[in-house]
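# Survey of secondary and tertiary structure
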Amino acid sequence: GYKAGTKHKGRDGEVQWLQKSLADNATHDLRKIFKKSDNSVIYLHRSINTSSARRVLCLLRGNDTLNAWCNGKPIASTSKNDEQRIILDLAKGPNSLLVKISNRSGTMNFHCRVLDPHRLKDHRVFQSPIALNGIIEHPGVLDRYVFLAKAKESINFRVIGRRLRSPIDPTASIYCTHQSFYIG
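Description of the structure in this document. (Residues numbered from 1 in each chain as written. Predicted model: local features only at pLDDT ≥ 70, side-chain atom pairs only at ≥ 80, totals over all residues. Heavy atoms only, no water.)

Attention now goes to the overall build of the protein. When its secondary structure is counted, the protein shows one helix and 14 strands. Expressed as a percentage of the 184 residues in the protein, the buried residues total 34%. Partitioning the contacts of the protein with sequence separation of at least 6, the portion at a separation of at least 24 is 64%. When the accessible surface of the protein is summed, it comes to about 12,500 Å², and 50% of that surface belongs to carbon and sulfur atoms. (Helix = DSSP H or I, 4+ residues; strand = E, 2+ residues; numbered from the N terminus. Buried < 20%, exposed > 50% of the residue type's maximum accessible area, 1.4 Å probe, protein only. Contact = heavy atoms within 4.5 Å. Areas by Shrake-Rupley, 256 points an atom, 1.4 Å probe, with all protein chains shown as cover.)

Scanning the entire structure with this criterion turns up five salt bridges. Residues K7 and E14 are paired through a salt bridge, measuring 3.8 Å at the closest nitrogen-oxygen approach. Residue E14 is classed as exposed on the basis of its relative accessible area, which comes to 60%. Here R85 makes a salt bridge to E83, at a shortest N to O gap of 3.2 Å. What makes E83 buried here is its relative accessible area of 17%. (Salt bridge = Lys/Arg side-chain N within 4 Å of Asp/Glu carboxyl O.)

Read from one edge to the other, the open sheet built from four strands follows the order β3-β10-β5-β8, with strand pairing classed as antiparallel. With partners counted over all chains shown, the strands left at the sheet margins are β3 (27–29) and β8 (84–90), one partner each. Pairs of neighbouring strands in the sheet enclose a mean axial angle of 25 degrees, with direction left out of account. As defined by bridge partners, strand β5 (residues 54–62) adjoins β8 across seven bridges and the pair is classed as antiparallel. Its bridge partner lying in β8, R55 is registered against D89. (Pairing = 2+ DSSP bridges. Axes fitted to C-alpha atoms, helices over the stretch in contact; angles between N-to-C directions.)

To continue, consider the sheet that holds strand β7 (residues 73–78). Pairing in this open sheet of four strands is antiparallel, and the strands run β4-β9-β6-β7 from one edge to the other. Looking at which strands have only one partner, the edges of the open sheet turn out to be β4 (40–50) and β7. On average, each strand axis in the sheet is tilted by 15 degrees relative to the strand beside it, whichever way the strands run. Direction of pairing for β4 relative to strand β9 (residues 93–103): antiparallel, over a ladder of 11 bridges. Looking across to β9, one finds that T50 is bridged to G93.

Core analysis: the largest hydrophobic core is formed by 22 residues, its most contacted members being L30, L60, V99 and F110. Ignoring any residue separated from it by four or fewer positions in sequence, one finds L30 in contact with L22, K35, I42, L44, I101, M108 and F110. (Core = buried A, V, L, I, M, F, W, Y, C linked by side-chain atoms within 4.5 Å.)

These results come straight from atomic positions and should not be treated as a statement about function.
Written out as structure tokens, the structure reads:
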């Protein structure tokens, strides 16, 4: 199990689960938090409780290698330090998110955010019609918005950059979670 203090046999001896509080939507330096060195592995477990079955968008990033499972099913496997955007089908009640980060050398960063369309506090919510703008301060910065629409209502999205003489090539990705869409 994933209970704090539970011990298991590891490659180099006994290991145990520790309870740590890692803020959602923040990048964490796991080497500093867990006092790990090169050529190490850390497993992270998070319980996601829902009042009803639903779909959520999970954003994961880790280096060097990241593997993840939701309720025992594989959902991500990458050796790149890029963001994994995964739609999770959650059951009513507790759901298990297990992440394995393998580090060969250097930094051992981890970032996780779960966006639930039923929790409006997770989002900046806008009603149409509206125009949004922002400044991308450095490479890798992303803006995310949730748009609420009524059935059969159409929404027109325009993502511009070059027309404003910006050096960026903007893109829009749309994620649907049942009746909710994620724009990222």
